[in-house]
Amino acid sequence: MGELAIELKGIDKSFGLVHANKDINLKVRKGTIHGIIGENGAGKSTLMSILYGFYQADRGEILVDGRPIDIRDPNTAISAGIGMVHQHFMLVENFTVLENVMLGAEESWILNAGITKARSELKRLEKEYALEVDPDAVIEELPVGLQQRVEILKALYRKADILILDEPTGVLTPAEADHLFRILGQLKAQGKTVILITHKLREIMAITDEVSVMRRGEMVATRQTNKTSVEELAELMVGRRVLLRVEKGEARPGAVKLSVKDLTVRDSRGVTMVDDVSFDLRAGEIVGIAGVAGNGQSELLEAIAGIRRAVAGSVELNGRAIDVTGHADPAELRQRGLAHVPEDRHHVGLVLKFEESENAILGYHDDPKYRKGLLLDIDAIRADAEDNIRKYDIRPPNARLKTANFSGGNQQKIVLAREMERDPDVLIIGQPTRGVDVGAIEFIHRRIIEMRDQGKAVLLVSVELDEIRALSDRILVMFAGRVVGEREPDASEGEIGLLMAGVEGPKEAAQ
Amino acid sequence: MDYLQLFLELAQSTVRLSTPLILAALAGLFTERAGVFDIGLEGKMLGGAFAAGCVAFVAQSAMAGLLAAVVVSVLLSLVHGYASITQRGNQIVSGVAINFIVAGATVILGEAWFRQGGRTPALAEGARFQEITLPFAETLRGVPLLGPIYAELISGHQALTYLAFLMVPASWWILYRTRFGLRLRAVGENPGAVDTAGISVLWMRYRAVICCGILCGIAGAYLSLAANAGWTKGMTAGKGYIALAALIFAKWRPVPVMLACLLFGFLDAFAIRYQSTPLPLIGKVPVQLMQALPYILTVVLLAGFIGKAIPPKAGGVPYVKER
């Protein structure tokens, strides 16, 4: 384990006023999995883009296999044996797997010869690394996990010895992530070097040999994974001690606030996404809905929030029916005490081109306190927005800044503040911490517990099983649109995982 | 035989009227598949037609005219390319600007150079493209059915017409069977994928825009050197827009592009043939309505008859590396 695959010396990069990488030194040993961890905006992706030739460093030196090379574009990186799997896949969606793999490495100006070669080479790679994908499948018809496999195949097809993966599990289900880790293990066993960029501590601990921590553009530490701990890494990332476990007292459930009965929802293609789901949500409790993404959780949330019509069933809010199969009016539901933090904050939760203060009243703009005659009372809106900024520690503290300019965590806080500060009876939250950094996660979790302790009923949907287990008082597991089981939060991860995979637990089987 | 004669007449004029549409629509196919929308087909065609008219007259050579048309049209394409690829400007604005500039500049230059009131001097036979009679056309004319079809419909067009129809399979082959085509289609769908594969997005798009310029130039030369004997002001008469409509109608695929252009060409031919003849059952239809037919059809077809036409995903969006 002596030889270095990559060595970075004094890499420095600025974008205008933003100093993204400050004098970075990094050594990656051959045949290892090296993690790079840091919060969003710490400079990890920039550093890797420099290594891949996507950006040029202002200063510094890159050594591959001990030889200094000047990586000016992705071509140089590719020929130096570096491959990259981008966070947002660089695939042409209406091309086949084969065409995507070939693109840029076609052999000759007529495609035919290259196609034959690529086909046999793909077959070999599939066998060697257990990366099965149908070469003639069209990308947009493949699940995300397989699309990612195509990205890995692209790199291997170009004979990459060093593979960089940028936040590879952000879009994956837990099972797909596990499969990816097995693939990475396989690559390592074959002598490839893997650089894994992530902000998830669990992944680092599970799979890496060494880990380097970045914070605000600087490389703050490198550790051997088996000689460090989650706590130490979190502290290095954030720069202060972080509470990873959420402290919470016993739940004191009260009256039923939200009652869902026999709810069935179909998607636009007519596929049943929510199948005959019933449950009650009480004041002062958090009910978590666990499940692999795409098993109907999103549609369930949307139907309750009144933004997707159900085909059958009923929902009662505070004892009064919501017209879920007809025209439920989200604005009316808000007035009746239902607050909704949507799963997709970019498309549903926020208008990114609006100022922070405008987003802070989105959906509540009819409130008389924001009205001045026919016009909006801008002063009142800004005053409220600034209030939220203080309470939720939204940074930068500027109510007039465009929402697109806030980080993921701060954007999520804008949505949470908007929905939580209206004193709702029922709060439904989808993916509260998706794309949110560690520091903000801690804050968001605390706020959710506080809402519960104030006697609100909270329905929580998340694909992060850890999050569901940490926050929920009861856990419902959804699979293929049905609630397949209810568990206490102290049920083991394995037990819930089996339910999520559609394998019924012994309790249900016995019934 | 009367009906055969009628059919042949209509079919022949359909082919002639479709030729510039096919060339222009294929031109649009190349740039739009590469992610650069081009509403300036009209302007490029007109510019090409003008250049062809001028040079063919001065040099007394159709080939020189064709070459000039291609050069001018490619230059205009590069202007569009510079604005929308390098400078990342709005592609619609740039295209419209080109249409306006060409419409105005050709009239001014034409008047300044030739003083014939919005036209270039009429071209003599030798400075125009001649109809080509295919071998045995006359000997086979006697063969029932197939003979007249061969002699009247297949034979007897100008070289540029044959070129236009040959360009259809050629474009298909280039797009789907060559490295250039693969990269071109990729750059119109996800330029990021092309960039990370180590291929220059800008250079790919410039090459696509140049292809567009060449084809538009040929289309323009066809108008002034084959369909007419010289350039007249505004002679494209919206053909660039019809070609654009055909391109959308064909969902950006070469063979359907040809079929769509033939359809539009047929409507045009039909309108010309019957503009003063009473139709059975309907009677005499106002000329204006007949002339409006292709345009009405464009609106109707695009309004929903074609199902969902999904444009290339990165179309109209300048490529900026994510930061």
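Because the structure is a prediction, the values reported are computed rather than measured.

A. The arrangement of the overall build of chain B in detail. For chain B, the count of helices and strands is 13 helices and two strands. For a compact globule of 323 residues, the expected C-alpha radius of gyration is about 20 Å, and chain B comes in at 20 Å, within 12% of that figure. With respect to the three principal axes, the spread of C-alpha positions in chain B is 70 × 50 × 40 Å. Long-range contacts, defined here as pairs at least 24 residues apart, represent 77% of the contacts in chain B between residues at least 6 apart.

B. The arrangement of the domain arrangement of chain A in detail. Residue and element names in this part refer to chain A. Along its sequence, chain A is organised into domain 1 (4-238) and domain 2 (256-510). Of note, the centres of domain 1 and domain 2, computed from C-alpha atoms alone, are 33 Å apart. In this complex, domain 1 contributes ten residues to the contact, which on the side of domain 2 involves eleven residues. Those elements giving two or more residues to the side of domain 1 that touches domain 2 turn out to be helix H6 (174-189) and helix H8 (230-238). The element best represented in the side of domain 1 that touches domain 2 is H8, accounting for three residues. Per-class residue counts for the side of domain 1 that touches domain 2 are five nonpolar, four polar and one charged.

C. Region of interest: the packing of helix H7 (residues 159-177) of chain B against helix H12 (residues 254-273) of chain B. All names here are of chain B. Two elements in contact, H7 and H12, have axes separated by 8 Å at closest approach and are oriented at 155°. For the element pair H7 / H12, the angle class is roughly antiparallel. Handedness of the H7/H12 crossing: right-handed. Each of Val168, Ser171, Trp172 and Leu175 in H7 lies in contact with H12, whose residues at this interface are Pro254, Val255 and Met258. The class makeup of the residues in the contact of H7 with H12 is six nonpolar, one polar and no charged.

D. Representation of the nonpolar core within the structure. Of all hydrophobic cores here, the largest spans 228 residues; its most connected members are Ile164 and Val477 of chain A together with Leu23, Ala25, Ala246 and Val257 of chain B. With 15 residues, the top contributor of residues to this core is helix H10 (residues 201-227) of chain B. Each of two domains, domain 1 (4-238) and domain 2 (256-510) of chain A, supplies a minimum of three residues to this core.

E. Representation of the pairing of strand S19 (residues 426-430) of chain A in the model. Residue and element names in this part refer to chain A. Among the five residues in S19, five count as buried, and that is most of the element. Every second residue of S19 is oriented toward a common face, with Val426, Ile428 and Gly430 on one face and Leu427 and Ile429 on the other, all of them buried. With four bridges joining them, strand S16 (residues 338-341) and S19 adopt parallel strand pairing. Looking at S19, one finds that Leu338 is bridged to Val426. As paired elements, S19 and strand S20 (residues 457-461) share five bridges and run parallel to each other. Looking at S20, one finds that Ile428 is bridged to Leu459. Once the chain exits S19 it traverses helix H15 (residues 438-453) before rejoining the sheet at S20, and the crossover so formed is right-handed.

F. Inspection of the environment of Gln158 of chain B at higher detail. Residue and element names in this part refer to chain B. Checked against the element boundaries, Gln158 lands in strand S2 (residues 157-158). On the basis of neighbour counts, which here come to 20 C-beta atoms within 10 Å, the residue Gln158 falls in the buried class. As a C-alpha pair, Gln158 and Gln91 span 67 residues in sequence and 34 Å in three-dimensional space. If we skip the residues at most four places from it in the chain, Gln158 touches Phe129, Gln130, Glu131, Ile132 and Ala226.

G. Molecular detail of unusual backbone geometry. Residue and element names in this part refer to chain A. For the peptide bond that leads from Arg395 to Pro396, omega is -5°, which places it in the cis range. Residue position: Pro396 is located in the loop between helix H13 (378-391) and helix H14 (408-420). A positive phi is found at Gln431, a non-glycine position, where the angle reads about 45°. Tracing the backbone shows Gln431 in the loop between S19 and H15.

H. Spotlight on the interface of chain B and chain A. Taken together, the contact pairs 18 residues of chain B with 21 residues of chain A. Going through the elements one at a time, helix H8 (179-189) and helix H9 (191-196) of chain B are the ones with two or more residues in the side of chain B that touches chain A. For the side of chain B that touches chain A, the leading source of residues is H8 of chain B, giving six residues. Class assignment of the residues belonging to the side of chain B that touches chain A gives a composition of seven nonpolar, five polar and six charged.

I. Molecular detail of the sheet that holds strand S7 (residues 162-166) of chain A. Residue and element names in this part refer to chain A. Read from one edge of the open sheet, six strands run S6-S7-S8-S3-S9-S10, paired in mixed fashion. The two strands at the open ends of the sheet, each matched to only one other strand, are strand S6 (82-85) and strand S10 (218-224). With strand direction ignored, the average angle separating the axes of adjacent strands in the sheet is 20°. Where S7 meets strand S8 (residues 193-198), five bridges bridge the pair, whose relative direction is parallel. When the sheet's bridge partners are listed, Leu165 is paired in S8 with Leu196. Along the sheet face, H6 touches strand S3 (33-37), S7 and S8 and points at about 150° away from the line of S8.

J. Structural detail: the packing of H14 of chain A against H15 of chain A. All names here are of chain A. The geometry of H14 relative to H15 is characterised by a closest axis approach of 10 Å and an angle of 15° between their N-to-C directions. It follows from the interaxial angle that H14 and H15 lie roughly parallel. Both H14 and H15 take part in a crossing whose hand is left-handed. Contacts between H14 and H15 pair Gly409, Gln412, Lys413, Leu416 and Met420 from the former with Ala440, Ile444, Arg447 and Met451 from the latter.

K. Region of interest: the sheet that holds S16 of chain A. All names here are of chain A. Strand order across the open sheet formed by six strands is S16-S19-S20-S13-S21-S22, with mixed pairing between neighbours. The outermost strands of the open sheet, each flanked by one partner alone, are S16 and strand S22 (482-487). Averaged over all neighbouring strand pairs, the angle between strand axes comes to 20°, with direction disregarded. Bridge analysis of strand S13 (residues 286-290) against S20 gives four bridges, and the strand direction is parallel. Bridge pairing in S20 links Ile289 to Val461. Across the face of the sheet, H14 comes into contact with S16 and S19 while running at roughly 175° to S16. Each of S13, S19 and S20 is contacted by H15, which is oriented at about 145° to S20, the strand it contacts most.

L. Quick peek at the environment of Gln431 of chain A. Among the residues examined, Gln431 of chain A registers 23 C-beta atoms within 10 Å and is labelled buried. Filtering out sequence-adjacent residues up to four positions away, Gln431 of chain A remains in contact with Glu343, Val461, Ser462 and Val463 of chain A.

M. Quick peek at H13 of chain A. All names here are of chain A. Over its 14 residues, H13 runs 20 Å from end to end, which matches the ideal 20 Å to within 8%, given 1.5 Å per residue. Along H13, the residues classified as buried are Ile381, Asp384, Ala385, Asn388 and Ile389. Seen end-on, H13 carries its buried residues on one side only, within an arc spanning 145°. The outward face of H13, more than 90 degrees from its buried face, is lined by the exposed residues Asp379, Ala383 and Arg390. Tucked inside the fold, the buried residues of H13 contact helix H12 (356-359), strand S18 (375-376) and H14. One or two steps after H13, the chain reaches Asp393, where phi turns positive at roughly 50°.

Cut-offs used in this document
Residues numbered from 1 in each chain as written. Chains lettered and ligands numbered in written order. Predicted model: local features only at pLDDT ≥ 70, side-chain atom pairs only at ≥ 80, totals over all residues. Helix = DSSP H or I, 4+ residues; strand = E, 2+ residues; numbered from the N terminus. Rg over C-alpha atoms; globule rule 2.2 N^0.38 Å. Contact = placed C-beta atoms within 7 Å. Domains from an automatic or database assignment. Nonpolar A, V, L, I, M, F, W, Y, C, P; charged D, E, K, R; others polar. Axes fitted to C-alpha atoms, helices over the stretch in contact; angles between N-to-C directions. Parallel < 35°, antiparallel > 145°, perpendicular 65-115°, else oblique. Left-handed = near helix turned anticlockwise from the far one by under 90°. Core = buried A, V, L, I, M, F, W, Y, C linked by C-beta atoms within 7 Å. Buried ≥ 20, exposed ≤ 12 C-beta atoms within 10 Å, placed from the backbone. Pairing = 2+ DSSP bridges. Right-handed = clockwise from strand over helix to strand, strands pointing away. Expected span 1.5 Å × (residues − 1). Arc of directions from axis to C-beta.

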